[in-house]
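For reference, the chains in residue letters:
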Amino acid sequence: MASTSTSQILLTGATGYIGGTILTYLLNSSSPALKAATISCLVRGTDRAAKLTSAYGARVRPIVYKDLDDLEATTAAAAQHDLVINTTLGWHDGSVQALLRGLEQRKASTGRDVWMIQTSGTSNVGDRPISRAWVEPEGREFDDAKDDVYGYEKDREVRESPYAQRTVELGVVDTGLKLGVKTLVIMSPTIFGRGTGLFNQVSIQIPAYIRSLLRNGRAVVVGEGKGVWDHVHVEDLADLYVIIVRQMLEKGGEGVPTGKKGIIFSGNGRHSWLDVSQGVADACYEKGKLADRKVQSITLAEGTKALNLSMDGQESEHFVEMSFASNSRTVSSVGRKLGWNPTRGEEAWKRGFREDVEGVLEETR
């Protein structure tokens, strides 16, 4: 995309945890290309637009639309931009396809390359150790520089069953190739730490355990909690997005894989689900919200009810097993080759439990 004209960036999900943090990192970057770029944010509600304008002034241009199902407005917004960073729900296919169609229009009108960065998650490659519906070899890792992640996901959609977030991710790649839009999927593991945006500053997975504990008065883990995942601090993740955006703006995407090879990871640490449950129990006990530090094992069906989460509007044991009990080990080789150097390690991970407890408690004040 490197050119003499000012690049137009569209960010979705700027009021969310990931998107809000990415926005602050884009705005605070020392990159001349980013300082010159126009950053538009697709948001619901004039009140949210006003808050963004009040905080960031002319650096940010809010575009108000109804919601994710406002596909006409979504396409129209994307058609005005060279690069879309999508951080809204990873399983909303209609809005993703609308963004890609808009970028296709942008490319037709400018003759320049257009890009889309899609936010996804590593539950897409998680196994199913409780139901045994999908079993992987012990300790399997996926390396984004070595493994055919796209091929694995395609095969699994057919051989196992569709998984909404994975289905949408693959649709991004396939439609991008069809329309001539260069796509990169950033598939993140458990994200922790306080966000830096103006709105939501807490993540999903760890806060879900915290809310369950506060509702039910006990710390729980689905199954035995032996599943192993990776994690990344939200600010380290935002730094990865900025590095990739800069490569696209300044160097035409040099070194950034796209299409079927453009699915990368962002992990920077590793944990078991029992580690998460115990960390939540300890942090809540220290805040006086729990009588002891015990963690109770519950079934997958009980976990689905206790965590009170859904994907695509439906509670699903499939979703809970993939997102809160599976094994999903990944290696983030591509980001590191591009210069990504995450700095928030084990100490930040442990501190994150206390920060998340405080963040969830703030929601009820």
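The structure this text deals with has already been given above.
Summarised in this report is the structure supplied together with it. Just so we're clear, the structure is a prediction, and the values are computed from it rather than from any experiment.

What follows concerns the overall build of the protein. Scanning the protein for helices and strands turns up 14 helices and 14 strands. Computed over C-alpha atoms, the radius of gyration of the protein comes to 20 Å, within 12% of the 21 Å expected from 2.2 N^0.38 for 365 residues, which places it in the range of a compact globule. For the C-alpha atoms alone, the extent of the protein along its principal axes is close to 60 × 45 × 35 Å. Out of the 365 residues belonging to the protein, those deemed buried represent 57%. In the protein, 78% of the contacts between residues at least 6 apart in sequence involve partners at least 24 apart.

In this structure, R132 sits in the loop between β5 (115–121) and β6 (141–143). Taking the relative accessible area as the measure of exposure, R132 reaches 54% and is therefore exposed. Residues R132 and K178 lie 46 residues apart in sequence; the distance between their C-alpha atoms is 36 Å.

Our next topic: the sheet that holds strand β7 (residues 182–188). Pairing is parallel in the open sheet, where 7 strands are placed in the order β3-β2-β1-β4-β5-β7-β11. Bordering the open sheet on either side are β3 (60–65) and β11 (263–265), each of which pairs with just one other strand. Direction aside, neighbouring strands of the sheet carry axes that sit 20° apart on average. Alignment of strand β1 (residues 8–12) against strand β4 (residues 83–86), held across 4 bridges, turns out to be parallel.

A few words now on the sheet that holds strand β10 (residues 228–233). Strand order across the open sheet formed by 3 strands is β8-β10-β12, with mixed pairing between neighbours. The open sheet has two edge strands with one neighbour each: β8 (190–192) and β12 (270–272). Adjacent strand axes in the sheet meet at a mean angle of 40° when their direction is disregarded. Two strands pair when backbone bridges link them, and β8 and β10 are joined in this way by 3 bridges, in the parallel orientation. Counted as the bridge partner of F192 is H233 from β10.

So, on to the packing of helix α6 (residues 149–159) against helix α7 (residues 164–179). Running from amino to carboxyl end, α6 crosses α7 at an angle of 125°, the nearest separation of the two axes being 10 Å. By the angle between their directions, the pair α6 and α7 is classed as oblique. As α6 runs across α7, the sense of the crossing is left-handed. Along the contact surface, α6 presents Y150, E153, K154, R156 and E157, while α7 presents R166, T167, E169, L170, V173 and D174. Class assignment for the residues of the contact of α6 with α7 results in 3 nonpolar, 1 polar and 7 charged.

What follows is about helix α14 (residues 346–363). Here α14 contains 18 residues, and its C-alpha end-to-end distance of 26 Å stays within 8% of the 26 Å for a straight helix at 1.5 Å per residue. G352 marks the point of greatest bend in α14, at about 30°. What α14 keeps buried is the set A348, W349, G352, F353, D356, V357, G359, V360 and L361.

Another aspect to go through is the nonpolar core. Judged by nonpolar contacts, the single largest core of 42 residues is most densely connected at L23 and I244. Secondary-structure elements contributing two or more residues to this core are β1, α1 (17–28), β2 (38–44), α3 (46–56), β4, β5, β7 and α9 (234–251). Here the element with the most residues in this core is α9; it accounts for 11 residues. Not counting residues up to four positions away in its chain, the partners in contact with L23 are L11, A14, I39, C41, L52, Y56 and V60. Within the second largest apolar cluster, 31 residues are counted, among which are Y163, L213, C284 and L307.

This next bit is on α3. A turn of α-helix holds 3.6 residues, and therefore any two residues three or four places apart point the same way. Within α3 the residues assigned to the buried category are A49, L52 and Y56. One side of α3 holds all its buried residues, which, seen down the axis, span an arc of 60°. Seen from the buried face of α3, the exposed residues on the opposite side, beyond 90 degrees, are T46, D47 and S54. At its buried positions, α3 is contacted by α1, β2 and β3. Just downstream of α3 lies G57, where phi reads positive at about 60°.

At a minimum axis distance of 9 Å, the contact between α1 and α9 shows a crossing angle of 55°. With respect to α9, the axis of α1 lies oblique. Relative to α9, α1 is oriented so that their crossing is right-handed. Between α1 and α9, the residues in contact are Y17, I18, T21, I22, Y25 and L26 and V234, E235, L237, A238, D239, Y241, V242 and V245, respectively. Across the contact of α1 with α9, the residue classes break down as 11 nonpolar, 1 polar and 2 charged.

The rules behind each value
Residues numbered from 1 in each chain as written. Predicted model: local features only at pLDDT ≥ 70, side-chain atom pairs only at ≥ 80, totals over all residues. Heavy atoms only, no water. Helix = DSSP H or I, 4+ residues; strand = E, 2+ residues; numbered from the N terminus. Rg over C-alpha atoms; globule rule 2.2 N^0.38 Å. Buried < 20%, exposed > 50% of the residue type's maximum accessible area, 1.4 Å probe, protein only. Contact = heavy atoms within 4.5 Å. Pairing = 2+ DSSP bridges. Axes fitted to C-alpha atoms, helices over the stretch in contact; angles between N-to-C directions. Parallel < 35°, antiparallel > 145°, perpendicular 65-115°, else oblique. Left-handed = near helix turned anticlockwise from the far one by under 90°. Nonpolar A, V, L, I, M, F, W, Y, C, P; charged D, E, K, R; others polar. Expected span 1.5 Å × (residues − 1). Bend = angle between axes of the 7 residues up to and from the residue. Core = buried A, V, L, I, M, F, W, Y, C linked by side-chain atoms within 4.5 Å. Arc of directions from axis to C-beta.

By themselves, these observations are geometric and do not establish any function.
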